[in-house]
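# Report on the structure
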Amino acid sequence: MPQTTQQDSGRGLWYGVAAYGIWGLFPLFWPLLEPGAADDILANRMVWSLVAVVLMLVAQRHWSWIRPLLRQPRRLAMLAGAATVISVNWGVYIWAVNNGHVVETSLGYFINPLVTIGFGVLVLKERLRGPQWTAVGIGAAAVAVLAVAFGQLPWIALTLALSFATYGLLKKQVGLSGLESLAAESAFMFPFALGYLVYLEVSGRGTFGHTVAGSYGWGHSALLVLSGVITAVPLLFFGAAAVRVPLTVLGLLQYLAPVFQFLIGVAVFHESMPPARWAGFALVWAALALLTWDALRQVRTDRAERAAAVPQPAPAPEAPKEPVTS
């Protein structure tokens, strides 16, 4: 491999680590926005995400994708659906983090690959290999164990996993890059979010632009603006990683985010982890380990098959031998 390609792959790996690392550290950020309620934080995040992504598009002069998109109602409808489900995902996530459920949010992103596989079977009619079926079965058993541990279905984790898997399915069919998709989705949600912020202001529940002695000041408003930036920046890193490293590497890196979230929930916020929860998480991790092993094995098999299918060059004809003279 040429040295420049190796350097590019190395940069791509670090871009991927940065993207998933920032997503994994989100539980440390949302509590900083209190005393803003989850709906107030969510509406601000939507509004400022559009502002941040528009500034990035201006800097890149990247507008050519908009006009063709506006001529495709089906893709616009799917983007509207994606905007709706990611809004649900963001809202539940922010509420859960600020109400002491960080560990359960990590569970949602741990089981997301299993839910995505289920969608592939039910919606896209994909056929699963044996290890994938086993992993899905282990995941279902894990949810049952965790339901006993939590005393109810882990609805936060399931909502996050189902909404994000639906979001991924819609994005796959739309076919836009991360930054383009965020711009379109934010544009769809912007009027609703802005209208809701006006409603919060009128009802006296809004916190942006206000100061309360002994509670919060202008730094709070600055952090609300920053929520848009930290939403857009990881997508830039992810996009830079996606074009530089194989999908198998990205697939492994995706586990960084829930690992960080889990560690923050246990080590920073000291959330309870009784034995039954450890058992449920252990089952989830076993399922993910099986999925990862199967995916890596399939990659090796596919490479071997492609190499075998490449026609080998015919051997060069031997030069005629000169007659031996005594």
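Residues numbered from 1 in each chain as written. Predicted model: local features only at pLDDT ≥ 70, side-chain atom pairs only at ≥ 80, totals over all residues. Heavy atoms only, no water.

### Thoughts on the overall build of the protein
So the rule is basically this: Numbering of helices and strands runs from the N terminus; a helix is a DSSP stretch of H or I covering at least four residues, while a strand is a stretch of E covering at least two. Accessibility here uses a 1.4 Å probe with only protein chains present; expressed as a share of the type maximum, an area under 20% marks a residue as buried, one over 50% as exposed, and anything in between as partly exposed. It only takes one pair of heavy atoms within 4.5 Å for two residues to be counted as in contact. Residue exposure ignores everything except the shown protein chains as possible cover, and the areas themselves are Shrake-Rupley values with a 1.4 Å probe. Charge assignment in this entry is limited to Lys and Arg as positive and Asp and Glu as negative, and neither His nor the chain termini are counted. Where a charge lies is defined by one atom per residue type: Lys uses NZ, Arg uses CZ, Asp uses CG and Glu uses CD.
Of the regular secondary structure elements, the protein holds 12 helices and 0 strands. The principal-axis extent of the C-alpha atoms belonging to the protein is close to 110 × 55 × 40 Å. Residues counted as buried form 41% of the 326 residues belonging to the protein. In the protein, the proportion of contacts linking residues at least 24 apart, taken out of those at least 6 apart, comes to 81%. Only carbon and sulfur atoms are counted for the fraction: they give 68% of the accessible area of the protein, which is about 17,400 Å². Averaging the coordinates of the 20 positive side-chain charges in the protein and doing the same for the 15 negative ones gives two points 6 Å apart.

### Here's the deal with the pattern of salt bridges
Here is the rule: In the sections that follow, a salt bridge refers to a side-chain nitrogen of Lys or Arg positioned within 4 Å of a carboxyl oxygen of Asp or Glu.
On inspection of all chains with the given rule, the structure shows 3 salt bridges. For Asp294, the salt bridge identified is with Arg129, shortest N-O distance 2.7 Å. Of the two residues, Asp294 sits in helix H12 (residues 275-309) while Arg129 sits in the loop between helix H5 (102-122) and helix H6 (130-150), which places them 165 residues apart along the sequence. Overall, Asp294 belongs to the buried group, its relative accessible area being 1%. The class for Arg129 is partly exposed, based on a relative accessible area of 29%. Where salt bridges share partners, they join Arg129, Asp294 and Arg297 into one cluster.

### Describing the environment of Leu107
Along the chain, Leu107 turns up in helix H5. Since its relative accessible area comes to 1%, Leu107 is described here as buried. Setting aside residues no more than four positions away along its own chain, Leu107 makes contact with Leu146, Pro154, Ala157, Phe281 and Val284.

### So, the side chain of Ser163
Threshold: Pairs of N or O atoms are called polar contacts if they sit within 3.5 Å, as long as, within protein, a hydrogen donor faces a hydrogen acceptor (for residues adjacent in sequence, only side-chain-to-side-chain pairs).
Tracing the backbone through its elements, the reader meets Ser163 in helix H7 (residues 155-174). Accessibility expressed as a relative area gives 7% for Ser163, which makes it buried. A polar contact of 3.1 Å, which involves the side chain of Ser163, links it to the backbone oxygen of Leu160.

### Digging into the nonpolar core
How we decide: Think of a nonpolar core as a cluster: buried Ala, Val, Leu, Ile, Met, Phe, Trp, Tyr and Cys residues, connected wherever their side-chain atoms sit within 4.5 Å.
Ranked by size, the top nonpolar core spans 48 residues in total, and within it Trp30, Trp65 and Tyr93 carry the most contacts. Secondary-structure elements contributing two or more residues to this core are helix H1 (3-29), helix H2 (38-60), helix H4 (73-97), H5, H7, helix H8 (178-203) and helix H9 (218-242). Among the elements that take part in this core, H4 stands out by supplying 12 residues, more than any other. Once residues lying within four places of it in the same chain are set aside, the contact partners of Tyr93 are Trp23, Phe26, Pro27, Trp30, Thr105, Tyr109, Leu160 and Gln261.

### Side note on empty space enclosed by the protein
Note the following rule: Both site types are read off a 1 Å grid over the protein atoms alone. A 1.4 Å probe that fits but cannot get out defines a cavity, while an open set with protein on both sides within 12 Å along at least five of seven lines defines a pocket; lining residues have an atom within 4 Å of a point. Grid points are joined across faces, edges and corners, and a volume is the space filled by probe spheres set on the points.
What the rule picks out here adds up to 1 cavity of 30 Å³ or more. Looking at the largest cavity, the residues that line it are Met46, Ile86, Ser87, Trp90, Leu182, Glu185, Ser186 and Met189. Only H4 and H8 provide two or more residues apiece to the lining of the largest cavity. Tallying contributions element by element places H8 first for the lining of the largest cavity, with 4 residues.

### Thoughts on H8
One full turn of an α-helix is made of 3.6 residues, so residues set three or four places apart face in the same direction. What counts is decided by this rule: Given a helix with a known number of residues, its expected span is that number minus one, times 1.5 Å. Bend is the name given here to the angle between axes fitted to two runs of seven residues, the run ending at a residue and the run starting at it.
For H8, which comprises 26 residues, the first-to-last C-alpha distance of 35 Å matches the rise-based estimate of 38 Å (1.5 Å per residue) to within 8%. Taken as a whole, H8 carries its principal kink of about 45° at Met189; the proline Pro191 stands between one and four residues after it. Listed as buried for H8 are Leu179, Glu180, Ser181, Leu182, Ala183, Ala184, Glu185, Ser186, Met189, Ala193, Leu197 and Leu200. Close packing links the buried residues of H8 with H2, helix H3 (66-70), H4, H7 and H9. Following H8 by one or two positions, Gly204 has its phi on the positive side, about 80°.

In short, the description is geometric, and any link to function would need to be established separately.
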